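# Chains, contacts and geometry: an overview
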Amino acid sequence: EYQLQFGHGGLWLGYNFKPNKLAHFSFSLMTGAGGVSVEEYRDDGENYALTSSASFVIVPTLGMELNLLRWFKLGATAGYQYVSAGATPQFANELNSPVLQLQFKFGYFAE
């Protein structure tokens, strides 16, 4: 039995078009570095790392946001996650995938 582990971090930038309107569009881009590893689980209860590698991650998204209250926004975005799997290219199909997000934003928005 194998387990694929993936993690990443980096910079997340975005822009809201006409943010004072009730409904408006948004764009964001997450980019950074991460790591991919594959472990094998054996009957003796031990885990064995088979391979691991660094990866580059980029996630562009487009979305729609609603200003429901002065302090509350509701948003939905769709995009695609691309991961360069480095030394583990056989797992690229499992890491590269469409992304859907539902966002609840609370706070003071100086727009």
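Everything numeric in this text was worked out from a predicted model, so none of it was measured.

### Some details on the pattern of salt bridges
Counted by the stated rule, this structure contains 2 salt bridges. With a shortest N-O distance of 2.6 Å, E65 and K105 are connected by a salt bridge. Of this pair, E65 sits in strand β3 (residues 47-69) while K105 is found in strand β5 (residues 97-106), placing the two residues 40 residues apart along the sequence. The class for K105 is partly exposed, based on a relative accessible area of 27%. Look at the salt bridges and you will find they share partners, linking E65, K73 and K105 into a network.

### As for the environment of K73
Within the fold, K73 resides in strand β4 (residues 72-84). The exposure class of K73 is buried, given its relative accessible area of 3%.

### Section: the packing of aromatic side chains
What the rule picks out here adds up to 4 aromatic pairs. Ring centres 6.3 Å apart and planes at 45° place the aromatic pair W71 and F72 in the tilted group. Of the residues examined, F72 reaches a relative accessible area of 14% and is grouped as buried. Judged by centre distance (6.3 Å) and plane angle (25°), the rings of W71 and F106 are stacked.

### Here we look at the side chain of S28
Considering the arrangement of structural elements, one finds S28 in strand β2 (residues 23-41). Within the structure, S28 has its side chain in polar contact with the side chain of W12 (distance 3.4 Å). Setting aside residues up to four positions removed in sequence, S28 forms contacts with W12, L13, G14, V59, P60 and T61.

### Quick notes on a nonpolar patch on the surface
Taken together, the side chains of L22, L66, L68, L69, W71, L102, F104 and F106 make up a nonpolar region of the molecular surface, amounting to roughly 870 Å² of accessible area. At the level of secondary structure, the elements contributing two or more residues to the nonpolar patch comprise β3 and β5. Note that L68 resides in strand β3.

### Remarks on unusual backbone geometry
In this structure, K18 takes a positive phi of about 50° despite not being glycine. If you trace the backbone, K18 turns up in the loop between β1 (2-16) and β2.

### Considering the confidence of the model for the protein
Here the protein averages 87 in pLDDT, while 91% of its residues score no lower than 70. The lowest-confidence element of the protein is helix α1 (residues 92-95), averaging 76 in pLDDT; the highest-confidence one is β5, averaging 95.

### A look at the side chain of T77
Considering the arrangement of structural elements, one finds T77 in strand β4. Its relative accessible area of 8% is what places T77 among the buried residues. Within the structure, the side chain of T77 is placed 2.9 Å from the side chain of Q101, a separation counted as a polar contact. T77 has contacts with S26, T61, L62, G63, V99, L100, Q101 and Q103, leaving out every residue within four places of it along the chain.

What counts and how
Residues numbered from 1 in each chain as written. Predicted model: local features only at pLDDT ≥ 70, side-chain atom pairs only at ≥ 80, totals over all residues. Heavy atoms only, no water. Salt bridge = Lys/Arg side-chain N within 4 Å of Asp/Glu carboxyl O. Helix = DSSP H or I, 4+ residues; strand = E, 2+ residues; numbered from the N terminus. Buried < 20%, exposed > 50% of the residue type's maximum accessible area, 1.4 Å probe, protein only. Phe/Tyr/Trp six-rings, centres within 6.5 Å; stacked < 30°, edge-to-face > 60°. Polar contact = N/O pair within 3.5 Å; in protein donor to acceptor, adjacent residues only side chain to side chain. Contact = heavy atoms within 4.5 Å. Patch = residues over 30% accessible without salt bridge, like charges linked within 9 Å, V, L, I, M, F, W, Y side chains within 5 Å. Areas by Shrake-Rupley, 256 points an atom, 1.4 Å probe, with all protein chains shown as cover. pLDDT = per-residue confidence, 0-100.

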